[in-house]
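A look at the structure
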Amino acid sequence: MENNELPKYLQSIFYQLFEYATDLECKLLLLDEMLEVGDNREIPFLEELENSEEAKISNKAYEIKCALQEKLGILASERERRRLPMNLCFIYDEFNIRPSKVDEDLEFEVALDIMEMEK
């Protein structure tokens, strides 16, 4: 099987090392090493790790991906630079925050009298 037939995230040299790492600290150390010795093949793997259920792995993968892209001179799109890590999308659920209900009887009809004032 040729290397090009594998999904892009499997082409990272760190993939197998990461899969066999036994604890969180080892995985975080591997992520740090990706920044030191990694190349553009690590980017798809880091994108996969951003979806990890472990928040520390997800956040660290995002940080390393951004730093590696900067190191390699790969510009992230404007949309991607403004994007927040995936775990922040669920913060409302985590803290059981619900949006308030809209009171249909409540109206804010504000007259802009200041625009009609004499000068």
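Since the model is a prediction, treat every value here as computed from it, not as a measurement.

Since the α-helix advances by 3.6 residues per turn, residues separated by three or four positions end up pointing in the same direction. The terminal C-alpha atoms of helix 2 (residues 24–37) lie 20 Å apart, and with 14 residues this matches the ideal 20 Å at 1.5 Å per residue to within 8%. Every buried residue of helix 2 is accounted for by Leu 28, Leu 30, Leu 31 and Met 34. Projected onto a plane normal to the axis of helix 2, the buried residues spread over an arc of 155° and lie on a single side. For helix 2, the exposed residues set more than 90 degrees away from the buried face come down to Leu 29, Glu 36 and Val 37. On its buried face, helix 2 sits against helix 1 (14–20), helix 3 (42–49) and helix 4 (55–72).

This paragraph deals with the side chain of Ser 12. Its location among the elements puts Ser 12 in the segment before helix 1. If sequence neighbours within four positions are ignored, Ser 12 has contacts with Arg 41, Glu 42 and Phe 45.

Calculation criteria
- Residues numbered from 1 in each chain as written.
- Predicted model: local features only at pLDDT ≥ 70, side-chain atom pairs only at ≥ 80, totals over all residues.
- Heavy atoms only, no water.
- Helix = DSSP H or I, 4+ residues; strand = E, 2+ residues; numbered from the N terminus.
- Expected span 1.5 Å × (residues − 1).
- Buried < 20%, exposed > 50% of the residue type's maximum accessible area, 1.4 Å probe, protein only.
- Arc of directions from axis to C-beta.
- Contact = heavy atoms within 4.5 Å.

Coordinates in, geometry out; function isn't part of it.
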